[in-house]
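# Report on the structure
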Amino acid sequence: MAETTQYSYGTAIRAAFEYLLERYPEVFVMGQGLWSPWYVGNSMTDLDKQFGAHRIIDTPVSESACTGAAVGAALAGMKPIVVHPRIDFMVYALDAVVNQAAKWSHMVGGQAHPGVTVRAIINRGGEQGAQHSQALHAWFAHIPGLRVVMPATVADARDLLIASALCADPVVFIDDRWLYDLTAELPPVKELELAAEGPRVLAKGGDVTLVASGYSTQLSLEAREELANKGVGCDVVDLRVLNPLDAEPILASVQKTGRLLVVDGGWRTCGMSAEVLALVAEGLPVGSLHAPPRRVTLPDAPAPTSRVLEKAYYPSRQTVVSAALQLVG
Amino acid sequence: MGSSTEWSDLGDLADPSKYHEPLDIAGRDPEVLRAQLRGMVSIRLVEQHLAAMRRDGHIGGPVHLGVGQEGIAVGVSRFLRSSDRVFGAHRSHPHVLALGSSIHRLFAEILGKDTGLSRGMGGSMHLWDEPHGFYGSVPIVAGTVPLAVGAGLAAKLQGTDDIGVSYFGDGAVEEGVVQESLNLASILKVPVLFVAENNLFASHMHIGLRQPFNATARFAVAHGIPCEVVDGNDVTAVGDAAERLVDRARRGEGPGFLEAVTFRWLGHVDWRDDVDVGVERSADDLALWRERDPIARLRGAMEAAGQWSVDQQESLTSEMDREIVVAWDQAMADPWPEDSALLDRVYAKRGGVNS
């Protein structure tokens, strides 16, 4: 039996970088803060010392040019990973991601593919406020040509980052600082083909389907425990790959439970939760649902700074539990 | 520090009444000059053909034509090779043709045909010909500038002496990402050649209404990048400057910035000359700029030196015209992309890990 190793979500990401940099000379990493322990938690510690500052490039304060350069390097045969320690600052880089990387394959007739990985971190809470807190995954999931990955587990933090870097398509890989202390024993890396990965049922139960991604998946798993104690069984479907989104695992679960609660760390309007509801509404026969579907999301407002307002702003395990109980009530 | 305008003011280069005389070609290889003349004539006739076909309704989408600017791409490309990584923008027919691309496949692309450079998925504004070193052009102003830096960085990481090349216009330097890209290329010592084709206009608007100074090379100076400012309608001057900057980059000495001053004879888009919609674009100026013709100035010098004749010019023109007609007719008859291309090309075909 293969040996396992203990990782946290943060060190699992580091392990993915190490795996890639050791085996693939065409992998290099660029972004702000990569020579400092400040920016990216324990997810990249000392990679520059291990692999050299020419492959781990700490950059000027230029999200746009650095992301564009990563796209260009990918077109020239490299497998770059560009790191945005906060997704909010990456908004400066939207042209490179949305207009260039996402469109390239299609607009050149499928003859070239920028296999760039854009790693963006959601880093919220702690009274940081509106421009240090956003979860913009739904934006990127809206764009054909991008693959959007949100690891919710320690295993996915490692293995989906490796799969993203090795994928020929541009990938937006969004990890979450609220998950960095999660721990798990992992077997050795087995390379996955990202295009074959999709939503996965992480836990089973007969009454309600909880659909979530990233930190919201962990929230849903915790809520499921509490709901089980109250006699309510929940499936937890972790989206994992938000675009292209495979609806089948969601439909299969909801078909079974007849009740859907989507938990999403983004905003409500035109958000990921709306897409999941739409897929279920379209994909299941009339009468499949025992109750109108529900969602738990952020309120449609920027993140506040005051700790009292922060508490009201972010969904908690209790929010999820209450919403699920209303579904079965 | 004084108020030096050395890299801020184009001086006579922006004065359309100057530089009308034939080029000084003393000591230059006639073979090279003939090839450059041929290259420029070919591009001009292609562009003029496209203008006519757009005017007559055969081309469905916009075409941004480079008539009058042929000297720059022809001058630069002589020092490039197919393993370099060249990126263009909205006015890139000359860039791709100067690298040796097929006229037929360019026409087919503009017509949206499956045989086009981008398999009919890009049209005039999204060209691709990587086998000839052309990595792509896009119409988002300055969109490819950082990509060229990254492609140059890749060449460095790959241990080659290939370079990235970024063609952009004077409008692009008003985009923030160009400043970021220049800084990044400089600090990482990336082998990339920035080619600023300064035709004094962004769309309808003269540079004097957009920037406090008319020389874009001042941004190279600000970022510590060696620059040269040349008459873009002098193919030999463009080539000399390009050679110096390309050689530096290949030797690992970092980026270079070539500003080539030129003028487009047609409007921002399509076949009209747009003197009516241009702000500070007058018929008088256009007439003077036509006197600074990159083709006539080289041809005049070659004829004066006995290296070229009126007969040779006529036979070159008719040969090119025939080639263009054949290429156009073939492109018109070529097949359209299948409907499946809409969805099949969004992502790379699945071919296992690391494909």
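As the structure is a computational prediction, the values presented were derived from the model and not from experiment. (Residues numbered from 1 in each chain as written. Chains lettered and ligands numbered in written order. Predicted model: local features only at pLDDT ≥ 70, side-chain atom pairs only at ≥ 80, totals over all residues. Heavy atoms only, no water.)

Right, let's talk about the overall build of chain B for a bit. What chain B contains, in helices and strands, is 12 helices and eight strands. By the compact-globule yardstick of 20 Å for 355 residues, chain B fits well, its C-alpha radius of gyration being 20 Å. Counting over 355 residues, chain B shows a buried share of 58%. Here the analysis covers contacts within chain B between residues at least 6 apart in sequence; of these, 76% occur between residues at least 24 apart. Carbon and sulfur atoms make up 52% of the accessible area of chain B, which amounts to about 13,600 Å² in all. (Helix = DSSP H or I, 4+ residues; strand = E, 2+ residues; numbered from the N terminus. Rg over C-alpha atoms; globule rule 2.2 N^0.38 Å. Buried < 20%, exposed > 50% of the residue type's maximum accessible area, 1.4 Å probe, protein only. Contact = heavy atoms within 4.5 Å. Areas by Shrake-Rupley, 256 points an atom, 1.4 Å probe, with all protein chains shown as cover.)

Residue and element names in this part refer to chain A. Ordered in space as 9-11-10-13-14, the five strands form an open sheet in which the pairing is mixed. Of all the strands in the sheet, just strand 9 (200-203) and strand 14 (294-298) have a single pairing partner and so form its edges. Going from strand to strand, the sheet's axes swing by 25° on average, the running direction of each strand aside. Examined bridge by bridge, strand 13 (residues 260-267) and strand 14 share four bridges and lie parallel to one another. (Pairing = 2+ DSSP bridges. Axes fitted to C-alpha atoms, helices over the stretch in contact; angles between N-to-C directions.)

What follows concerns the packing of aromatic side chains. In the structure shown here, the tally under the stated rule is 13 aromatic pairs over all chains. An angle of 50° between the planes, with centres 5.8 Å apart, marks the rings of F87 of chain B and Y135 of chain B as tilted. Residue F87 of chain B is located in strand 1 (residues 85-88), and its partner Y135 of chain B is located in strand 2 (residues 134-137); the two are separated by 48 residues in the primary sequence. With relative accessibility at 9%, the residue Y135 of chain B sits in the buried group. Through a chain of ring-to-ring contacts, three or more aromatic side chains come together here, namely W178, Y215, Y313 and Y314 of chain A. Over the aromatic face of W178 of chain A sits the side chain of R124 of chain A, whose NZ or CZ is 4.2 Å from the ring centroid. If you follow R177 of chain A out to its NZ or CZ, it ends over the ring of Y180 of chain A, 5.4 Å from the centre. (Phe/Tyr/Trp six-rings, centres within 6.5 Å; stacked < 30°, edge-to-face > 60°. Lys NZ or Arg CZ within 6 Å of the ring centre and 35° of its normal.)

Another point: empty space enclosed by the protein. All names here are of chain A. For the structure shown, the criterion picks out five cavities of 30 Å³ or more. What lines the second largest cavity is R124, W178, Y215, S216, L219, V263, D264, G265, L298, Y314 and P315. Along the lines of polarity and charge, the residues of the lining of the second largest cavity split into seven nonpolar, two polar and two charged. (1 Å grid on protein atoms, 1.4 Å probe; cavity = no way out; pocket = protein on both sides within 12 Å on 5 of 7 lines; lining within 4 Å. Points joined across faces, edges and corners; volume = space filled by probe spheres on them. Nonpolar A, V, L, I, M, F, W, Y, C, P; charged D, E, K, R; others polar.)

Right, let's talk about the interface of chain B and chain A for a bit. Across the contact, 44 residues belong to chain B and 49 residues belong to chain A. Summed over the shared surface of chain B and chain A, the result is zero salt bridges. Summed over the shared surface of chain B and chain A, the number is 13 residue pairs in polar contact (both at pLDDT 80 or more). Of all elements in the fold, only strand 1, strand 2, helix 5 (145-157), helix 6 (176-187) and helix 12 (341-344) of chain B reach the threshold of two or more residues within the side of chain B that touches chain A. The biggest single contributor to the side of chain B that touches chain A is helix 5 of chain B, with seven residues. (Salt bridge = Lys/Arg side-chain N within 4 Å of Asp/Glu carboxyl O. Polar contact = N/O pair within 3.5 Å; in protein donor to acceptor, adjacent residues only side chain to side chain.)

With that out of the way, let us pick up unusual backbone geometry. Residue and element names in this part refer to chain A. Put simply, N243 and P244 share a cis peptide bond, and its omega is -10°. Within the secondary structure layout, P244 lies in the loop between strand 12 (241-243) and helix 8 (248-257). Even without a glycine there, the phi angle at E127 is positive, about 60°. What makes E127 partly exposed here is its relative accessible area of 36%.

Here we come to the side chain of R91 of chain B. Residue and element names in this part refer to chain B. In this structure, R91 sits in the loop between strand 1 and helix 3 (93-98). The buried charged residue R91 lacks any salt bridge partner; its closest oppositely charged side chain belongs to E47, at an N-O distance of 6.9 Å. One polar contact links the side chain of R91 to the main-chain carbonyl oxygen of H268, over a distance of 3.1 Å. Not counting residues within four places of it along the chain, the set of residues in contact with R91 comprises H64, L65, G66, Q69, N199, R264, G267 and H268. (Lys, Arg positive; Asp, Glu negative; His and termini not counted.)

Residue and element names in this part refer to chain B. Inspection of every chain in the model, using the stated rule, returns 34 salt bridges over all chains. D162 serves as the salt-bridge partner of R81, at 3.1 Å between the closest nitrogen and oxygen. On the criterion of sequence distance, the pair formed by R81 in the loop between helix 2 (70-77) and strand 1 and D162 in the loop between helix 5 and strand 3 (164-169) is long-range, its members being 81 residues apart. With relative accessibility at 8%, the residue D162 sits in the buried group. Salt-bridge contacts for R210 lead to D170; the nearest nitrogen and oxygen are separated by 2.5 Å. Of this pair, R210 sits in the loop between strand 6 (205-206) and helix 7 (217-222) while D170 sits in the loop between strand 3 and helix 6, and the two are 40 residues apart along the sequence. Judged by its relative accessible area of 1%, D170 is buried.

This part is about the sheet that holds strand 4 (residues 79-84) of chain A. All names here are of chain A. Read from one edge of the open sheet, seven strands run 3-2-4-5-7-6-12, paired in mixed fashion. Every other strand in the sheet has two partners, leaving strand 3 (56-58) and strand 12 as the edge strands with one partner each. Across the sheet, the mean angle separating the axes of adjacent strands is 20° when strand polarity is ignored. Inspection of the sheet shows strand 5 (residues 117-122) paired to strand 7 (residues 171-176) by six bridges, in the parallel sense. Its bridge partner being in strand 7, R119 is matched across the sheet by F173. Contacting strand 4, strand 5, strand 6 (147-149) and strand 7, helix 6 (residues 154-166) crosses the sheet at an angle of about 160° to strand 7.

Its place among the elements puts G11 of chain B in the segment before helix 1 (30-55). On a C-alpha basis, the gap between G11 of chain B and N214 of chain B in space is 8.9 Å, while along the polypeptide they are 203 residues apart.

This part covers the nonpolar core. Membership of the largest hydrophobic core comes to 88 residues, with the highest contact counts inside it found for M30, M90, W104 and F140 of chain A together with F194 and F257 of chain B. The dominant element in this core, judged by the number of residues it contributes, is helix 3 (residues 63-75) of chain A, at eight residues. Contacts of W104 of chain A, omitting those with residues within four sequence positions, involve L75, A112 and P114 of chain A together with F87, W128, Y135, G136, V138, T144 and L147 of chain B. Membership of the second largest hydrophobic core comes to 75 residues, among which are L50, V235, A260 and L298 of chain B. (Core = buried A, V, L, I, M, F, W, Y, C linked by side-chain atoms within 4.5 Å.)

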